[in-house]
Each structure stands twice: as C-alpha cells, then as structure tokens.
Amino acid sequence: MARTDTRLEFNMEMRVALIGRHTDFVETIVFLFFHLLRTYTTPTPLLPSACPESPLANDVLVVVRTGATEVLEKLPVHFSTVLACVPDYIIYSDLEEDVEGHHIVDVLDRVSRNVKMNVPEFWLYNRLRASGRQRLEYQTLFGSGPSGALDNPGWKLDKWKFLPMVSRALEHRPNAKWFVFIEPDTYMIWQNMLKYLSRFDASKPYYLGKHMYIGKVLFGHGGSGFMISNPAMEMVSKHWRENQDWFDEYTAKEWAGDMILGKAMENIGVQLVSASPHVQIDSLNTVEWTANKHDKPPWCYPPVTFHHMTKSDIRALWQFEHDWLQHNDLDTTPRLRDIFESVMQPRLLSELVDWDNQARGSEYSDEAFAKLSDADRATITQTERDAQASFEQCRAACESKPLCIQLFYSQRRCFLSNELRLGHAVESRCVEYSHEEGKCIKVQDEGVADVVPQTASFAKSGWIMSRIFETLEEMNSKCKNTKGGDWVIEL
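What counts, and at which threshold
Each residue is numbered by its place in its chain's sequence as written, counting from 1. Only residues with pLDDT of at least 70 are given local features in this predicted model, and only at 80 or more are side-chain atom pairs given and counted; all residues enter the totals for whole chains, interfaces and linings. In computing side-chain values, all of the structure's heavy atoms are included and hydrogens and water are not. pLDDT expresses, on a scale from 0 to 100, how confident the predictor is about each individual residue. In this description, contact between two residues means that some pair of their heavy atoms is separated by no more than 4.5 Å. By definition, disulfides here are pairs of cysteine sulfur atoms that lie within 2.5 Å. Think of it this way: any DSSP run of H or I at least four residues long counts as a helix, any run of E at least two long counts as a strand, and we number them from the N terminus. Each residue is assigned to one of three classes by its accessible area relative to the maximum for its type, calculated with a 1.4 Å probe on protein chains only: buried under 20%, partly exposed between the two thresholds, exposed over 50%. We call two strands paired when DSSP finds no fewer than two bridges between them. Every case where a carboxyl oxygen of Asp or Glu lies within 4 Å of a side-chain nitrogen of Lys or Arg is listed as a salt bridge.

1. Observations concerning the confidence of the model for the chain
Of the residues in the chain, 81% have a pLDDT of 70 or more, and the chain-wide mean is 85. Note on residues 449-456: pLDDT under 50 across the span, and seven contacts to partners over four residues away in sequence or across chains.

Structure representation (structure tokens):
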C-alpha cells in the first residue's frame, strides 16, 4: 500500500509571491487551505494490479516513434510511466540500439539504397550507421508545430519513418486489432485510450486522430497520437509497398511524415475520423482549459493524449492516473476537469514571478497603441493606458474587464486574457523575453552585474482567483448539457 501524506504539491520551478491586493491574498489563502485538505499519494511505481483492466488491452500494439537526437533525453521516463501498463509496444527510430534495457528498432534500414545515398536528409542516418552514437554531435530535440524544426537534421529525417513504421508494425503484430502511434513527448492515458477504442468496430478500416491540413491533405497529427485499425493498416501497407517509388518521390518533396501517411490513407479511401476533443495537441501547461468549440468543451470529456509533455508533466499525470485507479472503480472515466482539479488547480495563485502564463488576449504597450486607429485609440480608458506601467496597473486593467481572468507583464508590456492557461517558468536571469514565442531570447551572462535588480521580477503572471472559481463553475455547468456521454464519436 502506498504511503500517503496530506500536502500541497508545488512545481519546484515556481517562485511564488503572495503580493498585491488584500482580496487576492484572502482568495489565495482560502484556495490553498482547500487544497491542503486533499490527500495526495506519494509517487511510487505503478503495480500491475493498479493497471486498468480491459479485454482490449492485449489486442493493441503501441508504437513509439523517436530518433537518435532525442531518444536518450525523452524516452526513458516512459518506461516507468506511460508504457508501464501497456502489454505490448515497440519503439522505432533511425538507429538500432538499446536504451535502459529496451531494444530500439531501426525502421529505416529497408529504405532503398538509392534514397539513402541521394536524399540529403539521410546524411545523418548514414553517419549513424557508420559510426554510431559516438559521432553524433547534433543533440537538439525534435521541433513541432506548423513548420516543424527545419534546422534539425533528425526532424528532416523523421518524415521517412511513417510509412515504413506502419508496415513494420503490422509485420510485428499482424493480428493486433489496433495500432496506437505516439512520440516521446506524447502522454497517452492508457485507461482512456482503451475505452475510446472500444467504441469502434475494429474489423472496419479506421484512422483516428487530431485533424490537421497541409494544403488539401487531411491527416492525423503525429505528435498528438493517432490510431489505426487492423484493416486500415493492411490496406495502407499494401498500397505503400505497391507504390513505393512514387511515395519516395512524394516524401522527398514534402516535409511532414504524418501528412504523407494521410495522403496514403486518402489514396485508399480511408478518411480520418476526428478524435477531438479527446486527442490533445497541447500539453498540460499550454492547453486552454476553458475552450468550448462547437459546444464540445474538452473540459467535459476524457482526454486520451497530450502533446509537448515534459518529463515533470509526464510524472505528474502518471501520479494522477495512479491515484485515480486507486480511488475509483474502473467504470469511472477521468475527464479533463478531473486532471485540472487534481494536477493543475493547486498551482494557480494570484501571482507568480518568473512565469509566463501565456495570456494571449489584449496587449497594452507603446507598440500596441501605435498600431491603433485614431477611432480605436479614443476608446481606450485611462486604466488601459496605464496598464503597461507596472504589474499592479496591468492587474487593475484586467480587473476592469469583466471577462478577464489572467494577465502577464514584462518590459512595459501588459497582456490580458479571457482564457485559462497555466504556462511555464521564465529563466530568472532572462534579460530579453519574447511573449509571442514563449521563450527567453537573451540570458544575462554569469558574473555580469545584474541588469535587472534582484528585488524585481522580469516576468510576472497573475490570475483573478475569484473569477477563476466562477469560470470553473460555469464550465462544470456546461458538462450537464453535453450529448453522447463521455465520448464524441463522429463517423
């Protein structure tokens, strides 16, 4: 039995300042007191008896796609978390090796010699084959997003893995009913994944995922995870083998492997089924918790994946799963709101220093005001004009707007938002920060006199706690009106 203690878990990156108005201080103390009453389980390895039970579990192959430039940094945490309850999984990469006793398969070894010798992005692969990891000097992580990480040779090579990976996975488990494809920064909630897949007839060709387009090609986003049934796997594998030369030329011209797989699926007439709102393209820190597109708020539904997850994110969500399975029956499905209440809500405070909560709404700064028309400038209140002067004035501007629930302040720029996000830490020695890019672009050198006084915070984030409570109550009320129960199935 796991030892338990009553405590409030904080992200160690957060440096908290309970400063500001008396009302915010009281709200914060009440908020913390509430969460101190909650019981959290001390992190322990998940025992097999605590794994979800499902007749489908042994009929699913989980496929992890990775690469030599990221595998040592991102993959090991999954062995004691995400993959601990998965009966069968395989890991494909661009280098055959063993990582912490787990074998990694080179999925590109059967690509034609002509491609390997003549396609520029294979220089990394050929170097790995010739000299192994010892000669690997490029240790950047895979990028993601609309344009990928075009300066990363590992990312450029990645697009060649998708179709061989599908074919090899089917070869590895020809009788599996489902194949689930994820990346090392994907978190898969195994219990929810099994329940979601059980809603579909695995004897029919299905291709499920987070819908995206490049041009006119619809495909399932790779980092968010996608799922393919056995019949669809057989169809697309056969199509690829019979048209491999064409796909080699197509892949050489395109840049996204998940889109190339989507094109192959389109060719065989298997259209993507949207897995929204269950498949998430964001992490715990970047997801918009109050989103409500098409009257299907993710808040009310069970998530099956998250993307861009850090190791600490993965461990926190794994602990949540462990606690959930310990204290709930198997028929009770964790929803997004359950994850928020247990994992994220304790981290929200009136103010966080050295933190960017990704407030993405109105901006108040000299640059923003200069872009306004004369008519729009005339509508700006004095409170809004003063918002860029300080964090306190930025907060006052947020409080003056009934729907504003969070704010970010840095370098005489104030951002307000009606959307709820947590965000991420900002380096304490950052002297130039891009809120738009969400990263520090200049760090103060060690040994150099402080540019920013130690008594000041370079970046501050805040939440209007009373409004957060009201917003969450409103979100919970929306769940009463959702149709179709736990799962959204759009066939």
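2. With respect to the state of the cysteines
With the rule as written, the count across this model stands at four disulfides. The side chain of Cys 51 participates in a disulfide bridge whose partner is Cys 85; the two sulfur atoms lie 1.9 Å from each other. Where Cys 51 bonds to Cys 85 through sulfur, the torsion about that S-S bond is close to -80°, and the disulfide is left-handed. Of the two residues, Cys 51 is situated in the loop between β3 (39-41) and β4 (60-65) and Cys 85 in the loop between α3 (76-79) and β5 (89-93); the sequence distance between them amounts to 34 residues. Accessibility classification places Cys 51 together with Cys 85 in one group, the buried group. The disulfide partner of Cys 394 is Cys 414, and the gap between their sulfur atoms is 2.0 Å. Here Cys 394 and Cys 414 share a disulfide; its torsion about the S-S bond, 80°, makes the bridge right-handed. A residue pair is termed long-range when its members are at least 10 positions apart, and Cys 394 in helix α17 (residues 391-399) and Cys 414 in strand β20 (residues 413-417) qualify at 20 residues. Comparing Cys 394 with Cys 414 shows no difference in burial state: the two are buried.

3. Notes on the sheet that holds strand β7 (residues 102-106)
Read from one edge to the other, the open sheet built from eight strands follows the order β6-β7-β5-β4-β8-β13-β10-β14, with strand pairing classed as mixed. At either end of the open sheet lies a strand with only one pairing partner, and these are β6 (97-99) and β14 (273-274). Pairing analysis gives four bridges linking strand β8 (residues 178-182) to strand β13 (residues 226-229), with the strands arranged antiparallel. Across the sheet, the residue bridging to Phe 181 is Phe 226, located in β13.

4. A word on the side chain of Ser 410
Note on placement: Ser 410 falls in strand β19 (residues 406-410). Of the residues examined, Ser 410 reaches a relative accessible area of 5% and is grouped as buried. Residues in contact with Ser 410, not counting those within four places in the same chain, are Phe 458 and Ala 459.

5. Comments concerning unusual backbone geometry
The linkage connecting Ser 276 with the following residue, Pro 277, adopts the cis geometry, with an omega of 5°. Structurally, Pro 277 is set in the loop between β14 and β15 (305-306). Here the phi dihedral of Gln 411 falls at roughly 50°; this positive angle occurs in a residue that is not glycine. Its place among the elements puts Gln 411 in the loop between β19 and β20.

6. Thoughts on the pattern of salt bridges
Taken as a whole, this structure holds 25 salt bridges when the rule is applied. With a closest N to O distance of 2.6 Å, Lys 238 and Glu 242 form a salt bridge. Here Lys 238 pairs with Glu 242, and both are found in helix α9 (residues 230-242), just four residues apart, close to one helical turn. Under the relative-accessibility criterion, Lys 238 is labelled partly exposed at 43%. Where Glu 288 meets Arg 421, a salt bridge forms, and the shortest distance between an N and an O atom there is 3.8 Å. In this pair, Glu 288 sits in the loop between β14 and β15 while Arg 421 sits in the loop between β20 and β21 (424-425), placing the two residues 133 residues apart along the sequence. Judged by relative accessible area, which is 19%, Glu 288 ranks as buried. The exposure class of Arg 421 is buried, given its relative accessible area of 15%. Within this structure, Arg 65, Asp 94, Asp 158, Lys 161 and Glu 183 form a network of salt bridges that share partners.

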